[in-house]
Every structure is written in structure tokens, then in C-alpha cells.
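Secondary and tertiary structure notes
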Amino acid sequence: MYNKVTSRIIHTLKEIVGETNVLLSETDKDAFSHDETTGLKHYPEVIVKTHTTEEIAKVFSIANKEKIPVTPRGGGTGLSGGAVPIYGGIVLSTQNMNKILEIDRDNLMAVVEAGVITGELRREVEKYGLFYPINPASLDSCTIGGNIAEATAGANTVKYGTTRDYVCGLEAVLPNGEIIKMGGKLVKNATGYGLMHLLVGSEGTLAIVSKAILRLIPLPKEKVNLLFPFNDLISCSNAIRQIIKSKITPTALDFMDKGCVKACEQFLKREVPFNQAEIHLLVELDGNNRESLEEEYIKIGEICSENGALDALIAEDRPTQERLWEARKNVREALMFISPIIDEEDVVVPRDELTHLLEGINKISKKYSLPILNYGHPGDGNVHVNILKRDIDDKRWTEVVPKAVEDIFKLTVSLGGMISGEHGIGIAKKNYLSLAMDKTQIELMKKIKRTFDPNNILNPGKIFDL
Ligand SMILES: Cc1cc2nc3c(=O)[nH]c(=O)nc-3n(C[C@H](O)[C@H](O)[C@H](O)COP(=O)(O)OP(=O)(O)OC[C@H]3O[C@@H](n4cnc5c(N)ncnc54)[C@H](O)[C@@H]3O)c2cc1C
């Protein structure tokens, strides 16, 4: 189906990007054989680190001519296997394309290369009183290119939306080596099909993004964080529903169940407040006016208390705020600490269906006798469902988990939801895509893929098989 990378091709790649940017050692191949998805590993034949858009174009020209698969890679923090080179070939790393080219304070836009680390951009624009609100827990390792490919969300989505809402312009390279420029420093654009937005969330299957123009907003001056412990799911869900209904829009509305809190305590080697509660609800509010922020957090406190919150913690200064979020930010590592093998799902439902979703997941956990721990962004209806392997034997794990996952996905779809809220389909969920999207839509996506990439060399085997 694909050709192998020969020594002649390696020679040409070295001519394009320079000898030191073509990696061939077993250690390098191992490092680039996986992302953060558990249990997925495939070795590339070669890793190529590009510095410019033109270099990407030249790599594509040769890969397209020689029928070599190319897998784009940013920070490698993906959770659906998107950067895993399942057919070998070339892994194209944007690690060295890491320059913030411009912070345009007249237009409130940033121009960046694809390999810029998201947290670095956030910190840099803050120096100018500006805000790039995309805030995944991986922000210090993931890249803008990876965020665009995955339409990445994170803790601030409930108020500020996802990466989709901030991309105003893109420069990208098509699999045939052509460079395209879409959009610009434009707040709006009604010119032709929204090709630029088609690339956002395309999981690196249609083109490689080399540069992006991103919208910035003014940095809110004030911030407050609150933690409410609850003793049962229904009370917490009722509080969430009423917060949303109250027309206060928190910057973050996140939760963790007791199992997650306990795992964080083991991982962080410290006690987490309210560790006996069944659920922790974390709320963040921001704004420019101290008084109105106080009104909002008092109102949220009342809602939580009326719905059975056991207590409340308020963090108004940065160190206390960071401490309050420490457990939530480390929860994934904490779960990996207590169970190195986890099946992680990322379902999303309408926000008023959260109780039904979590109750249903609980039933599925009992049906298959599988330990399932949940955390996530209830303000977005997005739950990270974690099935822990711990001491379950391999045979039962491989037999039972796919059935439990299918049940979780069917439940999600029956509640009006989707099988991924932010981590994408990649390899991990492609067998379940037809549960969430009908045949006509999947066929349309395949036709789009064939139009962009007739030889199917760019990130093949992701989202669907052609
Ligand atoms: C601890 C942890 C916490 C996380 N928290 C969140 C969260 O809160 N919210 C959230 O949404 N996600 C989260 N993620 C998932 C992940 O960080 C995001 O999907 C992120 O956007 C991936 O970026 P990356 O640079 O690491 O991409 P990679 O993993 O390198 O690649 C991801 C996909 O993007 C493609 N790609 C990469 N660069 C480009 C490019 N320049 N052009 C085209 N395609 C490209 C790859 O081929 C692949 O398909 C988390 C992951 C971890 C490990």
C-alpha cells in the first residue's frame, strides 16, 4: 500500500532540512512512536524536524511522489492516537517551528508558528494585558498546531469557547506540497466556503498547519476560584444546572469524583481538602469589576448551599488558586499513577443530561464489574470517563472493555451527545464513529479527505479508513 523510506529518500530529506533534523536512531523512533494515549505504539521509519513552511512543502512533494505516509506531530500530548504513525513512514515534527512572530496590539491578534507551546503564548500575551483563553491541562506541552488539529478546548471553554473560536487565519501545506493561506487578521470573513474552519478539528488529516493568526481578548483583571464538596451526584448536578440557568457564566466549571480525589492524594502525597466528599465542584469566575464578581460568587455559593454543598473554599490570590486547582490539573497523571493502563473516554452531552450520563456510566461500571472514575468539564457537558485496569487480567480486559465502551457511547448518543468532546477520534475511537455519525456524513468526510489528499499519504488511518 505504501512504499518504504529508502536511503535515497533519507538523503533527499537531509538535503531539505539538514542532516541534524533527520532522526533515525532507535531511541528517537521510540520517542516518536506514541502520544499520551495508553496502549498505542507504532514506529516511524524516520523523524523529520522542519523549520519553515517551504521545508514542509518539499517534504510533502517527495512523500507524495514516493507514496510515503506522513504523520504530523506537535507536542505529542494527544489522547486519541492522532500523532501515532500507524503505517510507519515519516513523522513530521513542528517542534522547531516555535516562534511567536507577532503580537498585534492594534488588531488584538497573535501570529504564531505551529509549534509554539500554548502556555508560552498565553504567558507572552499576558505581558500586554491580553488573553488567549484556550486552557487545556496539557498547556505547557501541547502546541498551537496540535490544538488547531484537535479543536482543543479545556477548562475555560464554558465561557470562552474552543480553539475554533480563535482561529482567524491559517497558513497550511497540502499533501501535494502546495502552500495555502486562508483568512487573515480578520474578525469576520464571508468569502467562499469556510476552508480554514474545515482544517480546525481535522486531526492532521487534510493539511499541515504551519502558521496561525489567533484572536486575542483583553485580560480580565479579577479572578476568583471556589471549591464545593457534595455528597451525591444528583445534588451536584442540580447545582450545576442552576448555575448555568442563573445566567452567570463561570470561566470554569469542573468536577472530580471521590476516586479521582483519592488518586490525587496518592500522587501528590498530600491531603486534598474535603477528601471524604463524593464529588468536588470547582468554579472559576473572572471579570474586571471586583464588586460584581463578588455578587456572582455569593450567588453561586447560595445555589450550591441550597443544593446540599457540604462546605466551600474560596481562593482569591494566585497561590491559593493554584493550590485549589492542583489536584484537578494533575488528575490524569494521578490516575495513571494508580493504574498505568486506563481506557479514557471523552464524551459530551447536553449539559442538562449530565445526571443521566453519570448514572448510566455507574450502571455500566456495575454491569461489567469495571472500576470507572470520572472527572471533567460539566459546564460543557464533557465527562472524561476512565476505566482502570489495575489488576484485571489481560483476557478479561480485552474482552470486556470494548463492550463497556460501546455501551457508554450508545448511552451518550441516546442522550443527544457525541463520542468525543475534545480529544478527537484518531485511532482510539474510529471503530465507534458510526455510532455518532450517519453513513452520509462519514461518506462526505471521506470525499473531502480524498479531495485534499488523493494518495492518502497524510496521517492515514485516522478518524476512518478509506
Ligand atoms: C495531561 C493532559 C491533559 C489534557 N487536557 C486537555 C484538555 O483539557 N482539553 C483538550 O482539549 N485536550 C486535552 N489534552 C489533549 C491534548 O493535549 C490536545 O489534544 C492537544 O491539542 C494536542 O496538541 P499536541 O501539540 O500535543 O498535538 P499532538 O499530540 O502532537 O498531535 C495531535 C493531532 O494533531 C495533529 N497535528 C499536530 N500538529 C499539527 C499541525 N501543525 N498541523 C496539522 N496537524 C497537526 C497530529 O497529527 C495529531 O493528529 C490533554 C492531554 C494530556 C496528556
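All residue numbers refer to positions counted from 1 along the written sequence of the respective chain. The model is predicted, so local features are restricted to residues of pLDDT at least 70 and side-chain atom pairs to those at 80 or more, both for listing and for counting; the totals for chains, interfaces and linings are taken over all residues.

What to know about the domain arrangement of the protein chain
Heads up, the rule is: Where each domain begins and ends follows an automated or database-derived domain assignment. Note that contacts rest on C-beta atoms placed from the backbone: two residues are in contact if these are within 7 Å. For this classification, Asp, Glu, Lys and Arg are treated as charged, while Ala, Val, Leu, Ile, Met, Phe, Trp, Tyr, Cys and Pro are nonpolar and the rest, including Gly, are polar.
When cut into domains, the protein chain gives domain 1 (7–95), domain 2 (100–218), domain 3 (222–332) and domain 4 (339–436). Taken together, the contact pairs five residues of domain 2 with eight residues of domain 3. Considered class by class, the residues forming the side of domain 2 that touches domain 3 number three nonpolar, one polar and one charged.

Overview of the packing of helix α1 (residues 7–17) against helix α3 (residues 53–66)
Note the following rule: Inter-axis angles, ranging from 0 to 180 degrees, are taken between N-to-C directions of lines fitted to C-alpha atoms, where helices are fitted over the stretch in contact. Note on conventions: DSSP H or I runs of at least 4 residues are helices, E runs of at least 2 residues are strands, and numbering of each starts at the N terminus. Any angle from 65 to 115 degrees is called roughly perpendicular, while one under 35 is roughly parallel, one over 145 is roughly antiparallel, and all others are oblique. Should the near helix be turned anticlockwise from the far one by less than a right angle, the crossing is left-handed, and should it be turned clockwise, the crossing is right-handed.
Running from N to C, α1 and α3 point in directions that differ by 165 degrees, and their axes come no closer than 9 Å. On the basis of the axis angle, α1 is roughly antiparallel to α3. By crossing handedness, the relation of α1 to α3 is classed as right-handed. Judged by residue contacts, Ile9, Thr12, Leu13, Ile16 and Val17 of α1 engage Glu55, Lys58, Val59, Ile62 and Glu66 from α3. Considered class by class, the residues forming the contact of α1 with α3 number six nonpolar, one polar and three charged.

Observations regarding the environment of Glu291
Tracing the backbone through its elements, the reader meets Glu291 in helix α10 (residues 290–306). Once the C-alpha coordinates of Glu291 and Ile134 are considered, the two residues, 157 residues apart in sequence, prove to be 26 Å apart.

Quick word on helix α9 (residues 258–268)
Rule in force here: Neighbour counting defines burial: a residue surrounded by 20 or more other C-beta atoms within 10 Å of its own C-beta is buried, one with 12 or fewer is exposed, and intermediate counts give partly exposed, using backbone-placed C-beta atoms. Directions are taken from the helix axis to each C-beta atom, and the arc is the one they span.
When we look at burial in α9, the residues that qualify are Cys260, Val261, Ala263 and Cys264. For α9, the arc enclosing every buried residue in end-on projection is 160 degrees, short of the 170-degree limit, so these residues lie on one face. Following α9 by one or two positions, Lys269 has its phi on the positive side, about 55 degrees.

Concerning the site of the ligand
For clarity, the threshold we go by: In this analysis, residues qualify as near a molecule or strand once their C-beta atom, positioned from backbone atoms, comes within 6 Å of it.
Around the ligand sit 36 residues in total, of which Gly74, Gly82, Gly145, Gly146 and Gly204 are the nearest. Put simply, the parts of the chain that give the shell around the ligand at least two residues each are β3 (70–73), α5 (144–150) and β10 (208–215). Here the shell around the ligand takes five residues from α5, the largest share from any one element. Class assignment of the residues belonging to the shell around the ligand gives a composition of eleven nonpolar, 18 polar and seven charged. Two domains each put at least three residues into the shell around the ligand: domain 1 (7–95) and domain 2 (100–218).

So, the environment of Val5
In this fold, Val5 is placed in the segment before α1. Take Val5: there are 22 C-beta atoms within 10 Å of it, and that puts it in the buried class. Residues Val5 and Ser414, spaced 409 residues apart in sequence, show a C-alpha to C-alpha distance of 45 Å. Leaving out residues up to four positions away in the same chain, Val5 has contacts with Ile10, Glu45, Val46, Ile68, Gly89 and Ile90.

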